[in-house]
Amino acid sequence: MLIPVLIASLVSSINAEALVPRSQSYPSSQSAVLGPQTRLTIGNKVIAPDGFERSATLVDGVFPGPLIAAQKGDDFAIEVVNELQDESMFLSTSVHWHGLFQNGTNYADGASFVTQCPIAQNHSFLHTFSAPNQAGTYWYHSHYSVQYCDGLRGPLVIYDPQDPSAYMYDIDDASTVITLSDWRVLRMYHHLATVLRYVIGNIADSSLINGLGRYAGGPMSPLAVITVEQGKRYRMRLISMSCDPNFQFSVDGHNLTVIEADGELTEPLVVDQLQISAGQRYSVVLVADKPVDNYWIRNLPSTSFATYEQGTNSAILSYKGACEVEPATVNIAPKNPLVETNLHALINPGAPGIPEYGKADINLNLQVTNINGTFYVNNDTFKPPTVPVLLQILSGAQEASQLLPNGSVIVLEANKVVELTLSTTGAAGPHSIHLHGHSFDVIQSACNSTLNYVNPVRRDVVSSGDPGQQVVIRWVTDNSGPWFLHCHNDWHLEAGFAVVMAESPSDTRAHLNHVPNAWDQLCPIFDSLTPSQLGGGGLESYEEATNISTLHYLPPPLSS
């Protein structure tokens, strides 16, 4: 009996490093599910999601933030409480509810200096809003400078009890929400976003799935495990919380059926890999019809030298009954990757307006250039105004010439069909283009010359493609207020890649529900802060950036 015992002991020793302890592998944040009426406490905490300890800006002390789950038709009342303390990072904050239209509640959209002033340290703000006709996969994140890159991001799902696609899946709950994010690693140094915002072209070479991952040369940290039961069908809600790269997502040996893009149902489309850009979301149905085993979930970022070596950019799909070892499955080149033009809206397909290019009520052409790392939209770079655009409008400004920042506010008439053509030149593409307050029809996808007015995909984030390409979108101006249109690569937004679409400013006050008194107090409180009360590291952060790279932006003013 001694020999079998020794053999078993040896095998156990060999496999010890491959064991994946389930209590550590699945992120604790996934067990915390909040309702639509809740409180989010923003604070600082040292975490090590990829094995490297660093301070982060978090919701309720976890990364990603806890899932906010609601039912279609629910009213939201979410108090954001600012308990930030780390002066090397920003001490003010704001939270945007990405993908929710905020029709009649523009003041609750959470976009700093567009719809509100940031929430100062030791203060709070209650966001009250509804989303009566929306259901799907969304998320929330800081919309104050590059703060969400330091961790303030989390999932938000509105479930529809009458979901037309429900016949396609058996399981759709917190366990099937999958967050994809980059994490700040630069040449083996983990830096804060307040430093990296000054570095031109900084990259992340660590990505996390459900808040866990590994970085090249780092420890064999626990990976996220998604457990499935053979024979069941799962609605996986993929959320790209990336600050920069897009991801190529796949699951070894399994097809994925796309049924939703950015909160809008699509006709079912079977793929074996999909590209997901910063801010985008997809629901995919995975059928657990393979042998009981463990399979690699792959999420390759669009960064130089990214691989899957030693479990980087990966998680584990584990069938119930499989041994607790890392997968041995092999990465195979995709045969049927997602092509955006193959996606079609399921509900009320068809773009608004006359189905010809340039025949909308309002036709806009935005040309984006990049000069020495700074972005210009039609020759203007976006610099946040000291007075939020919404407050300017409520104070009487109505025309583009009256609204700040100069050249970055486009006034649109009410109830008009807008067709926007956006093209980019220069480096640092492709870009993820997000419009607040609306979904839009993608008439022309990048990398494609075809115009589709009949049944295009409908969504709220679209890729601009490579330099020299263009994307064309349409929407209707039926939601009065200022809405941010920007690149969802947060470093590019910080570098000026944004404009504000001010829809019918003369109607905004009447269109808004009662603006709370607490909103009126945000600006006086924020404006009274001293530079030290703002945090962000000031010149010290800039000096650290100059030690990282010779390519950097100008130093900050004393108040940054």
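Anything mentioned here points back to the structure above.
Not measured: the values here are computed from a predicted model. (Residues numbered from 1 in each chain as written. Predicted model: local features only at pLDDT ≥ 70, side-chain atom pairs only at ≥ 80, totals over all residues. Heavy atoms only, no water.)

Caption draft 1: Expanded view of the environment of Phe 249. Position of Phe 249 relative to the elements: it lies in strand β14 (residues 247–251). Sequence separation between Phe 249 and Ile 276 is 27 residues; the distance between their C-alpha atoms is 7.3 Å. Beyond its immediate chain neighbours, meaning those up to four positions away, Phe 249 contacts Leu 180, Leu 238, Leu 256, Gln 273, Leu 274, Ile 297, Arg 298 and Asn 299. (Helix = DSSP H or I, 4+ residues; strand = E, 2+ residues; numbered from the N terminus. Contact = heavy atoms within 4.5 Å.)

Caption draft 2: How the structure looks around the pairing of strand β8 (residues 136–142). In terms of burial, β8 is largely enclosed, as 7 of its 7 residues are buried. Across 4 bridges, the pairing between strand β6 (residues 95–98) and β8 is antiparallel. The partner of His 98 across the bridge, within β8, is Trp 139. Here 6 bridges tie β8 to strand β9 (residues 153–159), and the two strands are oriented antiparallel to one another. Within the sheet, the bridge partner assigned to Trp 139 lies in β9 and is Pro 155. (Buried < 20%, exposed > 50% of the residue type's maximum accessible area, 1.4 Å probe, protein only. Pairing = 2+ DSSP bridges.)

Caption draft 3: The pattern of salt bridges, seen in detail. Scanning the entire structure with this criterion turns up 19 salt bridges. Here Glu 326 and Arg 214 are joined by a salt bridge, their closest N and O atoms 2.6 Å apart. Note that Glu 326 is positioned in the loop between β20 (314–319) and β21 (362–371) and Arg 214 in the loop between β11 (206–209) and β12 (225–228), a separation of 112 residues in sequence. Assigned by exposure class, Glu 326 and Arg 214 land together as buried. One salt bridge in this structure joins Arg 237 and Glu 260, with 3.8 Å as the shortest N-O distance. (Salt bridge = Lys/Arg side-chain N within 4 Å of Asp/Glu carboxyl O.)

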